[in-house]
Amino acid sequence: MKGISANLIIALGCIIPGLMTGLGAIPIFFTKSVSQKVLDVLLGAAAGVMLSATCFSLILPSIEYGGGDLKAVLIASAGIFLGALMLDMIDKYAPHEHLIDKRVEGKNTESLKKIWLFVIAITIHNFPEGLATGVGFGTENISNGIAIALGIGLQNMPEGMAVALALVREDYSKKSAFLIALFTGLIEPLGAFLGFGLVSIFRPLIGFILALAGGAMLFVISDEIIPETHSNGFEREATYGIIIGFIIMMILDILLG
C-alpha cells in the first residue's frame, strides 16, 4: 500500500471510527429506551475490544519497536503510566458529567450548563481513542493502524447509543441527542491526526508514544467504561461482554496482521 492508496487508507482510518459513534446513535430515532442489560453487555464488549486493541496494537508493538528487551519494557511502562496520568489530570480538573451515572467532576462545574458538561465529558472520553488510532497509523505497519481503527470503531457504536439515550432521558430532542453523539465522534479525527503527526515528527520515540496512547486508553477503559457497565446489577453479563469483545478483537488483530 503505497502512494495515494496508503494515504487514503490512513485518512479514512482516522475519520471513519469517529463517525461510527453517530451510526450507533441512529436507533434513538426508532426507540427511546434500550434494556440496561443489553446496553451493559454492549458497552462491556466495547471495553473488551478496546482492551484487546490496546494490548495487541499499542503496548506489544511499543515493546517490539524498543527492541523487546528490559529497556524497551521499562520505556513502555513509563509511557503507559504517563498516558494514564495525563488522562487522570484532565479528568480531575476539567469540569464534566459522567454519561451514565451522572457524577459531576472537576472544577467550576456550577458555572457551566449541563450540555457543556456532556460535551466536555465526551471530549475527555474520545480524544485519547483518536490519539491511539493516529499513533497506530503513524507506524510503518498500516495494518496495525487498521486494527486499532476497527476496534475503536466497533466500540464507538454502543457508546454512541449510550450517549444518545442518556441525552434523551435528560429531555433532549432525538435530533439534538443524535447530533451531540455524532459530535463525540468528530473529536476523534482531531486526536487521530495529532497522534499521526506526533509519530511522524518524533519517529525515534515511536515506542514511547505507542505506550503513551496505550496508557490513556487503559485509563478510559478502567475509569469510565467498566465501572459504568458494573453499576446496574448486570455485572456478570457485562464481564462476559468484555471477554467476548476481547476475543473478537484479538482474532481480528491476528487476521489483519
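Just so it is clear, the structure is predicted and the values come from calculations on it, not from any experiment.

1. Quick look at the packing of helix H5 (residues 142-169) against helix H8 (residues 235-256)
So, point 1. Between H5 and H8, the least distance of the axes is 9 Å, while the angle of their chain directions is 155 degrees. Considering the angle they form, H5 stands roughly antiparallel to H8. Note on packing geometry: the crossing formed by H5 with H8 is right-handed. On the side of H5, the interface is formed by Ser-143, Ile-146, Ala-147, Leu-150, Gly-151 and Leu-154, while H8 contributes Met-249, Leu-252, Asp-253 and Leu-256.
So, point 2. Looking at the contact of H5 with H8 residue by residue, the classes come out as seven nonpolar, two polar and one charged.

2. Focus: the UniProt feature "transmembrane region" (unreviewed entry) in the protein chain
So, point 1. Sites flagged by UniProt as "transmembrane region" (unreviewed entry) map to residues 6-29, 41-60, 72-94, 115-139, 145-168, 177-199, 205-226 and 238-256.
So, point 2. Between the end C-alpha atoms of residues 41-60 the distance is 27 Å, and the span holds 100% helix and 0% strand.
So, point 3. The straight-line gap between the two end C-alpha atoms of residues 205-226 is 30 Å; of that span, 95% is helix and 0% is strand.

3. Regarding the environment of Ala-192
So, point 1. On the secondary structure map, Ala-192 appears in helix H6 (residues 174-201).
So, point 2. In this structure Ala-192 comes out as buried when scored by relative accessible area, which is 1%.
So, point 3. Once the C-alpha coordinates of Ala-192 and Leu-131 are considered, the two residues, 61 residues apart in sequence, prove to be 4.5 Å apart.
So, point 4. Each residue touching Ala-192, except ones within four places of it in the same chain, is listed here: Cys-14, Gly-130, Leu-131, Thr-133 and Gly-134.

4. Some thoughts on the pattern of salt bridges
A side chain of one charge can pair with a side chain of the opposite charge if their charged atoms are brought near each other.
So, point 1. On inspection of all chains with the given rule, the structure shows one salt bridge.
So, point 2. Across the pair Lys-37 and Glu-237 runs a salt bridge whose closest N-O atoms are separated by 4.0 Å. Remark: Glu-237 occurs in helix H8 and Lys-37 occurs in helix H2 (residues 36-65); sequence separation between them is 200 residues.
So, point 3. By relative accessible area, which is 38% here, Lys-37 ends up partly exposed.

5. Here's the deal with the layout of surface pockets
So, point 1. Here the largest pocket is characterised by a volume of approximately 250 Å³.
So, point 2. As for the largest pocket, its lining consists of 14 residues, of which Phe-56, Pro-61, Asn-141, Asn-144 and Asp-253 are closest to the centre.
So, point 3. Among the residues making up the lining of the largest pocket, the classes are represented as seven nonpolar, five polar and two charged.

6. Here's the deal with the packing of H2 against H5
A packed helix pair is summarised by two numbers, namely the angle formed by the two axes and the spacing between the axes.
So, point 1. One can describe the packing of H2 onto H5 by two numbers: an axis separation of 9 Å at closest approach and a directional angle of 155 degrees. Taken together, H2 and H5 sit at an angle that is classed as roughly antiparallel. Two packed elements cross with a definite hand, and for H2 against H5 that hand is left-handed. On the side of H2, the interface is formed by Leu-39, Leu-42, Leu-43, Ala-46, Val-49, Met-50, Phe-56, Ser-57, Leu-58 and Pro-61, while H5 contributes Asn-144, Ala-147, Ile-148, Gly-151, Leu-154, Gln-155, Pro-158, Glu-159, Met-161, Ala-162 and Leu-165.
So, point 2. Classifying every residue of the contact of H2 with H5 by side-chain character gives 16 nonpolar, four polar and one charged.

7. With respect to the nonpolar core
So, point 1. With 21 residues, the main nonpolar core has Met-50, Leu-58, Leu-87, Ala-132, Val-135 and Met-217 as its most contacted residues.
So, point 2. Elements that contribute at least two residues to this core include exactly H2, helix H4 (114-138), H5 and helix H7 (206-229).
So, point 3. Considering each element in turn, this core owes the most residues, ten residues, to H7.
So, point 4. Setting aside residues no more than four positions away along its own chain, Met-50 makes contact with Glu-129, Gln-155, Met-217, Val-220, Ile-221 and Ile-225.
So, point 5. In this structure, Leu-39, Ala-164, Val-168 and Ala-181 belong to the second largest nonpolar core, which totals 15 residues.

8. Observations regarding the environment of Val-163
So, point 1. Looking at where Val-163 falls in the secondary structure, it is placed in helix H5.
So, point 2. Given a relative accessible area of 2%, Val-163 falls into the buried group.
So, point 3. On a C-alpha basis, the gap between Val-163 and Leu-182 in space is 9.6 Å, while along the polypeptide they are 19 residues apart.

Calculation rules
Residues numbered from 1 in each chain as written. Predicted model: local features only at pLDDT ≥ 70, side-chain atom pairs only at ≥ 80, totals over all residues. Heavy atoms only, no water. Axes fitted to C-alpha atoms, helices over the stretch in contact; angles between N-to-C directions. Helix = DSSP H or I, 4+ residues; strand = E, 2+ residues; numbered from the N terminus. Parallel < 35°, antiparallel > 145°, perpendicular 65-115°, else oblique. Left-handed = near helix turned anticlockwise from the far one by under 90°. Contact = heavy atoms within 4.5 Å. Nonpolar A, V, L, I, M, F, W, Y, C, P; charged D, E, K, R; others polar. UniProt positions renumbered as here; feature names shortened; annotations may be inferred. Buried < 20%, exposed > 50% of the residue type's maximum accessible area, 1.4 Å probe, protein only. Salt bridge = Lys/Arg side-chain N within 4 Å of Asp/Glu carboxyl O. 1 Å grid on protein atoms, 1.4 Å probe; cavity = no way out; pocket = protein on both sides within 12 Å on 5 of 7 lines; lining within 4 Å. Points joined across faces, edges and corners; volume = space filled by probe spheres on them. Core = buried A, V, L, I, M, F, W, Y, C linked by side-chain atoms within 4.5 Å.

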